[in-house]
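Here is what each chain is made of, one letter per residue.
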Amino acid sequence: MEKKIDIKKMIAGFKAAFPYTIPVFFGWIFVGLTYGVLMSNIGFSPWWTMLFSAVAFCGSMQIAAIPMMVSGFDPAQMLLVSYLVNFRHTFYGVPLLEKYRDGGIFKPFMIYTLADEQFSLAVTAKKPDDVESKYFYFGINAICYSYWIILSGLGGVLGGLLTFDSTGLDFALNAMFIVLFLQHWEDKKNRPACVIGIAVTLTSLILFGSSIFLIPALLSMLAIFWFGREKL
Amino acid sequence: MILTVPQTLIIIGAIALGTQISRWLPFLAFSGKKELPPFIVFLGRVLPPALMGMILVYCFKSTPILTGNHGLPELIASAVVILSYRWKKNFLISVGGGTAVYMLLVQLVF
């Protein structure tokens, strides 16, 4: 394994990764700042908020943890809920086994920070040929990671001072996911899987409601892929 | 603070551990193996499009279809994203344009 970090190649990787992270930044402004405000409302200083973001790094679960902390100290329940809320992340690793294989010393960090946005970019973004893959994928994750820590900390500092009407800004993430979806859709052989993903999740949402629908959706998808593995 | 310092650190650890178990599982299960099982290779091909579809549904899960403005701002802004992407094939223009349209719609129109 190569131990040395090549600064030049790393800069090239970050430069290539940066444009892809811009929608993530805008998409996270609202949710990151809001998270910081909510944390300061229950008495956490911005430093604590940033520590939560840096160590836990799981947007929706961090927000879900707020009312859970208010209702009392229950680490076992917190661990279970956190695993279930992020159950989908287990599926994210499978297509990235190959892409992350040569991650070297960056690989643990890349896996540590593998959330929805990073997964979506890693499986979709076109890496320029002259950029080394580990620096590109590390760049995506490292830049997004710093956005989240900074924005959540900033939310705690600014608190209610924010006057800019950012209503609707979080649509940036929806728009990003639409474009990433379209990029998969363009390849005709991906279309059956695209349709399965949408149809199964939508059915599960209608049947199970918006709090737990992802788990039955993921398990059903797995079953469909198992039985359809010869055909798709 | 609502929790003591040690309690807070334990809670941070618990959230992180729950998340990390799910993120590391496939890498731990298939580490070191040179040849991946055929079904895992197959999943590696079909999961990205399928999960992008799942994430898309997840994004719009709380859009009110039957009440309020019936998801009309979401529909219009999504159409802007899709059509502009078909036309220009530019990631940032479509994301920025769609978001700007959505913000205008929810702040000024609806």
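All figures in this text were calculated on a predicted structure; none of them were measured in a lab. (Residues numbered from 1 in each chain as written. Chains lettered and ligands numbered in written order. Predicted model: local features only at pLDDT ≥ 70, side-chain atom pairs only at ≥ 80, totals over all residues. Heavy atoms only, no water.)

A few words on the overall build of chain A. From N to C terminus, chain A includes 11 helices and 0 strands. The linear arrangement of helices and strands in chain A, starting from the amino end, is α-α-α-α-α-α-α-α-α-α-α. Taken against the 2.2 N^0.38 rule, which gives 17 Å for 232 residues, the C-alpha radius of gyration of chain A at 19 Å falls within 12% of a compact globule. Viewed in the frame of its principal axes, chain A has a C-alpha envelope of about 55 × 50 × 35 Å. Partitioning the contacts of chain A with sequence separation of at least 6, the portion at a separation of at least 24 is 75%. (Helix = DSSP H or I, 4+ residues; strand = E, 2+ residues; numbered from the N terminus. Rg over C-alpha atoms; globule rule 2.2 N^0.38 Å. Contact = heavy atoms within 4.5 Å.)

All right, on to the environment of L182 of chain A then. With respect to the helices, strands and loops of the structure, L182 of chain A is situated in helix α9 (residues 171–185). The exposure class assigned to L182 of chain A is buried, which follows from its relative accessible area of 10%. Remark: the alpha-carbon pair of L182 of chain A and M61 of chain A, spanning 121 residues in sequence, is separated by 28 Å. Those residues in contact with L182 of chain A that sit more than four places away from it in its chain are I82 and Y85 of chain B. (Buried < 20%, exposed > 50% of the residue type's maximum accessible area, 1.4 Å probe, protein only.)

Take the interface of chain B and chain A next. If you look at the interface, chain B gives 68 residues, while chain A gives 93 residues. In total, chain B and chain A occlude about 7,200 Å² of area from one another, counting both sides; carbon and sulfur atoms represent 81% of this. Summed over the three residues of chain B that lose the most area to chain A, namely R23, F27 and F91 of chain B, the buried surface amounts to 11% of that side. A salt bridge links K89 of chain B to E186 of chain A; its shortest N-O distance comes to 2.5 Å. One can count 13 residue pairs in polar contact (both at pLDDT 80 or more) joining chain B with chain A. (Buried area = accessible area lost by both parts, 1.4 Å probe. Salt bridge = Lys/Arg side-chain N within 4 Å of Asp/Glu carboxyl O. Polar contact = N/O pair within 3.5 Å; in protein donor to acceptor, adjacent residues only side chain to side chain.)

Next up on the list: a nonpolar patch on the surface. Residue and element names in this part refer to chain B. On the surface, L72, L75, I76, L104, L108, V109 and F110 cluster together to form a nonpolar patch covering roughly 690 Å² of accessible area. Elements with a contribution of two residues or more to the nonpolar patch: α3 (72–88) and α4 (91–109). Relative to the elements of secondary structure, I76 occurs in helix α3. Here I76 falls in the partly exposed class, since its relative accessible area comes to 36%. (Patch = residues over 30% accessible without salt bridge, like charges linked within 9 Å, V, L, I, M, F, W, Y side chains within 5 Å. Areas by Shrake-Rupley, 256 points an atom, 1.4 Å probe, with all protein chains shown as cover.)

Right, let's talk about helix α11 (residues 214–227) of chain A for a bit. In a regular helix each residue adds 1.5 Å, so 14 residues correspond to 20 Å; α11 of chain A covers 20 Å between its end C-alpha atoms and thus fits that length. Burial in α11 of chain A covers these residues: L214, P216, A217, L218, M221 and F225 of chain A. Along its buried surface, α11 of chain A packs onto α5 (89–96) and α10 (191–208) of chain A together with α2 (38–59) of chain B. (Expected span 1.5 Å × (residues − 1).)

Residue and element names in this part refer to chain A. The full count for this structure, using the stated rule, is 5 salt bridges over all chains. Across the pair K189 and D187 runs a salt bridge whose closest N-O atoms are separated by 3.2 Å. Accessibility expressed as a relative area gives 52% for K189, which makes it exposed. Look at D187 and you get partly exposed, because its relative accessible area is 33%.

Turning next to unusual backbone geometry. One non-glycine residue, H70 of chain B, adopts positive backbone phi at about 55°. Structurally, H70 of chain B can be placed in the loop between α2 and α3.

Before going further, it helps to examine the packing of α11 of chain A against α2 of chain B. Two quantities define a packed helix pair, namely the angle between the helix axes and the distance between the axes. Look at α11 of chain A against α2 of chain B: their axes get within 11 Å of each other, and the N-to-C directions meet at 145°. Seen along the crossing, α11 of chain A lies across α2 of chain B with a hand that is right-handed. When α11 of chain A is examined against α2 of chain B, the residues L214, L218, M221, L222, F225 and W226 of chain A are found in contact with a partner set consisting of F39, F42, L43, V46, L47, A50, L51, M54 and Y58 of chain B. Grouping the constituent residues of the contact of α11 of chain A with α2 of chain B by class yields 15 nonpolar, no polar and no charged. (Axes fitted to C-alpha atoms, helices over the stretch in contact; angles between N-to-C directions. Left-handed = near helix turned anticlockwise from the far one by under 90°. Nonpolar A, V, L, I, M, F, W, Y, C, P; charged D, E, K, R; others polar.)

The end-to-end C-alpha distance of α4 of chain B, which contains 19 residues, comes to 26 Å, matching closely the 27 Å that a straight helix rising 1.5 Å per residue would cover. All of the buried residues along α4 of chain B are F91, S94, V95, G98, T99, Y102, M103 and L105 of chain B. Buried residues along α4 of chain B cover an arc of 160° about the axis, so they all sit on one side. More than 90 degrees from the buried face of α4 of chain B, the exposed residues found are L104, L108 and V109 of chain B. Along its buried surface, α4 of chain B packs onto α1 (7–41), α7 (116–124) and α9 of chain A together with α3 of chain B. Of the residues that open α4 of chain B, the one with a side-chain oxygen 3.0 Å from the backbone nitrogen of L92 of chain B is N90 of chain B. (Arc of directions from axis to C-beta.)

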